[in-house]
Amino acid sequence: MSKTNKTKFKLIVAMSKNSVIGINGDLPWYISEDLKRFKSLTINNVVLMGRKTFDSILSRLGKPLPDRTNIILTRNIKAKEKFESKFNHVLVFHDLESVFSWTESENIKKIFVVGGSEIYKLVFPFADELNITHLNSSFNGDTFFPEID
């Protein structure tokens, strides 16, 4: 698989000293400044996430991330019907190649990859930029950012 188009894939994540990014389907912390930074970077753009991350956003906000096109990458075949019919500005893809094709056909200039762990691992080889907020504390968690060089 190869990304042949000009779309920039920008990974954005906040992680603890011990690489924790989540626990029980949610963030293990609440840092207003970081959420404001996340919003300012991603607003009016496309965000790519896994289904579990999308579910956590729905739990927290009751809706997809506003003023963004929310792309869900999942192996769950029923997710397309479930999410695309219920929400505007939500698209579901079942493989990364389909995401690449869509970005090319829609002439998308950049996509922010917002989690979770499996999606970061999958997209990392194609990433053009990393936006990492390093927290100066360790947290308990069950979801970790992949190890990087």
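The numbers attached to residues start from 1 for each chain and follow its sequence in the written order. Owing to the predicted nature of the model, reporting of local features is limited to residues with pLDDT of at least 70; listing and counting of side-chain atom pairs is limited to 80 or more, with chain, interface and lining totals taken over all residues. Only heavy atoms go into the side-chain values, all of them from the structure, while hydrogens and water stay out.

(A) Structural detail: the nonpolar core. As used here, the term nonpolar core means buried Ala, Val, Leu, Ile, Met, Phe, Trp, Tyr and Cys residues forming a set that is joined through side-chain atoms within 4.5 Å. Here the term buried applies to any residue with accessible area under 20% of the maximum for its type, exposed to any over 50%, and partly exposed to those in between, with areas from a 1.4 Å probe on protein chains only. Phe9, Leu48, Val99, Ile111, Val113 and Val123 are the most contacted members of the largest nonpolar core, which has 22 residues in total. Put simply, DSSP H or I for four residues or longer makes a helix, DSSP E for two residues or longer makes a strand, and each gets a number counted from the N terminus. Contributions of two or more residues to this core are made by β1 (8-15), β3 (46-50), β4 (69-73), α4 (96-105), β6 (110-115) and α5 (117-123). If you look at the next biggest cluster of nonpolar residues, it comprises 15 residues, including Ile57, Leu58, Phe83 and Phe87.

(B) Region of the structure containing the packing of aromatic side chains. Only the six-membered ring of Trp is used, alongside the rings of Phe and Tyr, when aromatic pairs are assigned; centres must lie within 6.5 Å, and planes under 30 degrees apart are stacked while those over 60 apart are edge-to-face, with the rest tilted. One pass over the full model with this rule turns up 7 aromatic pairs. Ring geometry for Phe54 against Phe83: centres 4.9 Å apart, planes inclined by 75 degrees, an arrangement best described as edge-to-face. Here Phe54, found in helix α2 (residues 51-61), pairs with Phe83, found in helix α3 (residues 79-84); they are 29 residues apart in sequence, far enough to count as distant. When sorted by exposure, Phe54 lands in the same class as Phe83, which is buried.

(C) Region of interest: the sheet that holds β4. Paired strands, in this sense, are two strands between which DSSP finds at least two bridges. What the 6 strands build is an open sheet, ordered β5-β4-β3-β6-β1-β7; its pairing is parallel. Single-partner strands in this sheet number two, and they are β5 (90-93) and β7 (129-134). For this sheet, the mean angle separating the axes of adjacent strands, direction not counted, is 25 degrees. By the bridge criterion, 6 bridges tie β1 to β7 in an arrangement that is parallel. Looking across to β7, one finds that Ile12 is bridged to Asn131. The sheet strands contacting helix α1 (residues 32-42) are β1, β3, β6 and β7, and the helix crosses β1 at an angle near 170 degrees. It only takes one pair of heavy atoms within 4.5 Å for two residues to be counted as in contact. Note on method: axes are straight lines fitted to C-alpha atoms, helices fitted across the in-contact stretch only, with angles between N-to-C directions ranging 0 to 180 degrees. Along the sheet face, α2 touches β3, β4, β5 and β6 and points at about 110 degrees away from the line of β3.

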